[in-house]
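Structural overview
Residue-level listing of the chains:
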Amino acid sequence: MRLQRSPALAAVLIIITCVCAFYTTAAINIPLEIEQPPTITAQPPSSLIAFPFDESFPMTCEAKGNPRPEFRWTKNGQEFNHSVDPRLMKEENSGTFVIPNNGNLTEYQGTYRCYASNTLGTAVSQEVEFIVSNEPKFPKETLDPVKVDEGQPFILKCDPPTGIPPLQIYWMTINMQHIQQDERVSVGLNGDLYFSHAVEKDSRTDYCCFASFPRIRTIVQKTAMSVHVKPSKLIKCAPLSANAILERRPSLLTPPGVQSEKQLVKGDDLELECIPEGIPTPKVEWVKIGLGLPDGAEVENHGKLLIIPRADQKDSGKYMCKAKNPLGEAVHYFTVTVEEPPEWVSEPQSQLSMIGTDVLIKCSARGTPEPSITWRVNGVPLKDSPAANRRIFDDTIIIRNSKASDSAVYQCEASNRHGSLLSNANIMIRNLPPMILTKDGEGYFAVESRGVTLHCNAFSSPPSTITWSKDDSSESVEGSRFKIHDDGSLEISRAEKSDAGQYTCLAKNTEGSSNIDAMLYVKGIHTGFTSQLGQSILCLPASVNRYFVEDSVLHIVNVSHGDQGVYRCVARTPVDQDEASALLMVLDVPDAPENLVLSEHRGRSVKLTWIPGDDHNSSITDFIIEYEENKWEMGKWRELLRVSRNQNSAVLRLHGHVEYRFRVYGVNSVGAGPPSKPTEMYRTPPAAPDKNPENIKIEGHLPHEMDINWEPLLPIEHNGPGLEYKVSYRRQDVEEEWTEHTVKRHSFVVKNTPTFVPYEIKVQAKNNQGWGPEPRIVSGYSGEDFPSTAPDDVAVEVMNSSVVKVTWTPVHKDKLRGHLGGYRINWWRLRSLVDSKKRHGDKHMLTFPGDRNHATVPGLTPFSEYSLIVMTFNGRGNGPGSHPINFKTPEGVPEKNPVFRVTDVQRHSISLTWTPPSEPNGILTGYLLEYQLINGTEEVGALQTIDINNPKTSKWVLRDLEPLSKYKLYLRSCTTKGCGPVVSEECTTDLETSEGHWKISEALNTSLTSHTIDGLEPETEYIVRLIPISRVDNYSIFEDVIMTPGLASVHGGISTQGWFIGLMCAIALLTLIVLIACFVNRNKGGKYSVKEKEDLHPDVESQGMNDDTFCEYSDNDEKPLKGSQHSLSREIKAGDSGDSLVDYGDEDAQFNEDGSFIGEYGPRKEKRVSAEIKAPVQTPA
């Protein structure tokens, strides 16, 4: 409500204003040491959109005050306690809370406001609207086809869903091809697709409207629409007269009517639209009544849309669109009003006033429509918090004869339909004695004849009077060189040495006084710097984040062109300074060339000129010209030409039947610069091909065919439509004419050719414009076949025990039937000469490329019989092998012994055992056993040698050894050719002779987790060790001392108790009854032959037991570890049978009534492995 003021009231208001201005401090910054109401320091924006890809959404509210403010929020005008919601993240001593994006955000949607309060008042933030963006969707609907007569207008409705603006509309086909727009067809501002008149080509079934919402990264599609245009019969019958009948004057499809109004906010783009219909298609003109169109006005959408960017008040007025064709015109008038959101004319200011003074708070704003003003005090509407000494005059609040209790935070809010403004004004009514904020005892330094300023920042209510005195004088300093500023600081110009001393600043008002001291030091003029006064270095500009100073060095991060220039480094002490400067030159890649022009158009050549860009202090070395063509690889730029730096033009040689665009970029020592803007399109005429295919390959994958392949021309090299290839071929070894075939692909197969004969081939390109240049002739062969014969006269020469030399007579080239690849030798081992039984070993092969008649075969096993064949090969494959040649390799030295270990250690002896080598490579003659003392010193004992001439010996005892000594033991197997590689062990003799002897079991399978030791004496102490086969220095994995129980403990106990015997008898009886019942129940089901079941359900295992290889079957679980020792005595029980079924099945194998073996059908049981530790047999030494 606005009040009418009388002249007398206005005079009173002016007097009050003057009086208040004398006592009031406006726009104050009160130190936090003084009690004061809250001041909002950070608040959220007016709207906060919850985009789905954001992790969280902060609702910011920060404030300062004394006492510390407390915060609360309202949502949609109701109290909102954010601290009780566990999903919201809060910050301590802050009003800010964060809404995480981890659930349903819809419940948080609304309008929020923050309140910061303490005992002196409440500050209020502006309102923030939290908007949750729902995913926009078109409704699922079935749309009827649009049927329209040819020549009639029609509209396809889009009706896009609502969403977060901006909204962009696209009309496309189902294959994502844009609907072509022109003067006849266009998309309106509302998203609808308008057709000025229908033509037959408008008939289609896939008109799709796509609505894009870029801010939420979403595009949605409307159900496809179908349009059927019914052809006009008049046009078919009499086209000349029909055109006259169908022609009609323009009318507007949008907007409707003759005039409309348009309101928009200042700064928005003004968009006015007129879409006409008629035949011929009308053209649209725009005018502004009384004035021309504003500067910057743009006409788009083929003249149907007028855009005035960033409209202002001067753009208000009346506009007219006129659509016309030869038959008439149609007009529409727009009345445009540009409105404004509120803008401050006089924003209320915080004030500190004395008790008893009158306080004025002024708030005014302008806007269109005129903003309404709302006053609050401490967040409460003014009418709900009355005060006797407070009145409102128009846009001003007056507090008469203010008291301390009138201190509060006043809010003024100006709003219209386009927005609102909110301002908080802290009104403090207090009388305060002076408080000097400058530090007491501060020291100042001055140079003689230069100025210096001493600071004294005081705060008080009413304002203080500041005086300065020197030393102990009570008089204020005086003179033309001394000046006291309004902020209390003392400026001394042209300082003298006599000005040095102690100065006192005194601040005084009606409530009290306060003072501080300051020391001034004055020194004479000198050059250079002095470290006594605390030298400092300042390098500019220091306010930019990319600049930092470290150890007096200026560092610039991420240098740009704007950093180039002269830098001034200032070294400053408290009393003087010096400076130096340096020029920084920034090197960069060249700028993009400009003003590209195409000239001298000569069909398939054109001249390109350009103006080079700035080289940025590094000379350009080259210009790169690139091209883009829009037919084969649209959007891909390729290098066409490179020219030197002193050229700014080039003649471009181009391919035919291509539309080109060109661009240029420069290169210097820094790198390649950005490319220029592309030129306009340049189209070359079609022409015959300039070249023929390259990389012609002739291959023969089959004996009577010849495959011809070549590298096709690139699409851009076609030079025109209708590209084909002419393939010509003829035999080279006979006189015949060329045979020609024309193909479109880049390969051709010649059928029914002789095997591997030479041909001449040529391939020529052609298109609709003619043939390419004369092609070059290449030679090749038709298809290969396998070689027809094997090498002759194959012979083997034994070089040594593991290498032989193979020779042969090469295959004649007429028998190769292809390109010679080389020769291959296959060989396999028939048997070892130690063992008379023949057994074929794995086949081995070596390939020797090229034409040759001999080769060396290495890696053979000595003392073995081998068989060998030789064959040749070509590109098709291997030929037949030669007749096998058998040969024998001589003896060699044996391989090393796989097992060599210590079995017992005594004070003066060591017992050893070993196994013979797996490959003796000859007839073993014995073993060479060596040992020496190695008691951890550099000196070792003499090497002792023992020749063991019995090859069947597998154990030995070394005697007369030193006690508690470490020995190194070596063993090698020997043949007549010498001894093989050595295997060694280390062992330390005992200090005392042990009462017992170590017994070692056979090797155990590593998959076992337990082992049973039999044959132990009762009531006897044993040491048990678990050691690896390849042990070093008697290392054991496990060692423990056990005591076997006595006979009484074994045979006594509960087994002799009567109750236990009775229980066992009962269990046996119950088991017998159950077995009888099962047997009776089984007999009721009839008998069947297990043999029949095996025939009906054969399996691999059962078949393996019934075929001729039954005797070779073995159970892997029963096999000992390879190389393990079954018995140290090498004794085999005479009663063992090699054909026992226990060896092939479970230990409890079962048979049915007719004798069939049914162990396969019974449940499988885990076999418990038991190994017996037997004492080794000592070999006589």
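Above this text sits the structure in question.
Predicted, not measured: the structure shown is a model, and the values here were computed from it.

Remarks on the sheet that holds strand β17 (residues 193-195)
Across the sheet, 3 strands lie side by side as β14-β17-β16; this open sheet has antiparallel pairing. Across the chains shown, the open sheet's two edge strands, defined by having one partner strand only, are β14 (154-156) and β16 (185-187). Adjacent strand axes in the sheet meet at a mean angle of 20° when their direction is disregarded. Note that β16 and β17 share 3 bridges and pair antiparallel. Its bridge partner being in β17, S186 is matched across the sheet by Y194.

Some words on the state of the cysteines
All chains considered together, the criterion is met by 6 disulfides. What pairs with C363 in a disulfide is C412, and their sulfur atoms sit 1.8 Å apart. Taking the sign of the S-S torsion, -70° for the link of C363 and C412, the bridge is left-handed. Remark: C412 occurs in strand β37 (residues 408-416) and C363 occurs in the loop between β31 (359-362) and β32 (364-368); sequence separation between them is 49 residues. C412 gets classed as buried once you look at its relative accessible area, which sits at 0%. The disulfide bridge from C974 ends at C979, spanning 1.9 Å between sulfur atoms. Measuring handedness by torsion sign, the sulfur bridge of C974 and C979 sits at about 90° and is right-handed. On the accessibility criterion, C979 (29% relative accessible area) is partly exposed. Described in terms of the sequence order of its bonded cysteines, the disulfide pattern of the protein chain is 1-2, 3-4, 5-6, 7-8, 9-10, 11-12.

Focus on the side chain of H616
By the secondary structure assignment, H616 is in the loop between β54 (605-611) and β55 (620-629). If sequence neighbours within four positions are ignored, H616 has contacts with H561, V586, L587, D588, V589, P590 and D591.

Observations regarding a negative patch on the surface
There is a patch of like negative charges on the surface, built from D268, D269, E271, E298 and E300. Mapped onto the elements, D268 comes out in the loop between β22 (259-265) and β23 (270-273).

Some details on a nonpolar patch on the surface
On the surface, L1069, L1072, I1073, I1076, F1079 and V1080 cluster together into a nonpolar patch covering about 590 Å² of accessible area. With respect to the element layout, L1072 can be found in helix α6 (residues 1058-1084). Classification of L1072 by relative accessible area gives partly exposed; the value is 47%.

Looking at unusual backbone geometry
The bulk of non-glycine residues show a negative phi, and the bulk of peptide bonds are trans. Of the consecutive residues I279 and P280, the connecting peptide bond is found in the cis state with omega at -5°. Among the secondary structure elements, P280 is positioned in the loop between β24 (275-279) and β25 (283-288). Here T368 and P369 are connected by a cis peptide whose omega angle stands at -5°. Position of P369 among the secondary structure elements: in the loop between β32 and β33 (372-377). A positive phi angle, close to 55°, is found at N301, a residue other than glycine. Following the sequence through the fold, N301 ends up in the loop between β26 (298-300) and β27 (305-308).

Some details on the sheet that holds strand β46 (residues 501-509)
Pairing in this open sheet of 4 strands is mixed, and the strands run β40-β47-β46-β43 from one edge to the other. Looking at the sheet topology across the chains shown, the edges are occupied by β40 (442-447) and β43 (465-470). Going from strand to strand, the sheet's axes swing by 25° on average, the running direction of each strand aside. As defined by bridge partners, β40 adjoins strand β47 (residues 512-523) across 6 bridges and the pair is classed as parallel.

Quick word on the packing of aromatic side chains
Tallied over the entire structure, the rule returns 23 aromatic pairs. Judged by centre distance (5.6 Å) and plane angle (65°), the ring pair of Y627 and Y660 falls under edge-to-face. Of this pair, Y627 sits in strand β55 while Y660 is found in strand β58 (residues 659-668), placing the two residues 33 residues apart along the sequence. A relative accessible area of 2% means that Y660 is categorised as buried. Put simply, the rings of W73, F80, F97 and Y112 pair up and form one aromatic cluster. Note that K726 overlies the ring of W771, its terminal NZ or CZ placed 4.6 Å from the centroid.

Remarks on the pattern of salt bridges
Per the stated rule, a full pass over the model turns up 45 salt bridges. For the salt bridge of E141 with K222, the shortest nitrogen-to-oxygen distance reads 2.8 Å. In this pair, E141 is assigned in the loop between β12 (128-132) and β13 (146-149) and K222 in the loop between β19 (218-221) and β20 (225-230), connecting sequence segments 81 residues apart. In this structure K222 comes out as buried when scored by relative accessible area, which is 6%. The salt bridge partner of K383 is D384, with a shortest N-O separation of 3.5 Å. By relative accessible area, K383 is classed as exposed at 69%. For D384, a relative accessible area of 47% gives the class partly exposed.

Parameters and conventions
- Residues numbered from 1 in each chain as written.
- Predicted model: local features only at pLDDT ≥ 70, side-chain atom pairs only at ≥ 80, totals over all residues.
- Heavy atoms only, no water.
- Pairing = 2+ DSSP bridges.
- Helix = DSSP H or I, 4+ residues; strand = E, 2+ residues; numbered from the N terminus.
- Axes fitted to C-alpha atoms, helices over the stretch in contact; angles between N-to-C directions.
- Disulfide = S-S within 2.5 Å.
- Buried < 20%, exposed > 50% of the residue type's maximum accessible area, 1.4 Å probe, protein only.
- Contact = heavy atoms within 4.5 Å.
- Patch = residues over 30% accessible without salt bridge, like charges linked within 9 Å, V, L, I, M, F, W, Y side chains within 5 Å.
- Areas by Shrake-Rupley, 256 points an atom, 1.4 Å probe, with all protein chains shown as cover.
- Salt bridge = Lys/Arg side-chain N within 4 Å of Asp/Glu carboxyl O.
- Lys, Arg positive; Asp, Glu negative; His and termini not counted.
- Charge placed at Lys NZ, Arg CZ, Asp CG, Glu CD.
- Phe/Tyr/Trp six-rings, centres within 6.5 Å; stacked < 30°, edge-to-face > 60°.
- Lys NZ or Arg CZ within 6 Å of the ring centre and 35° of its normal.

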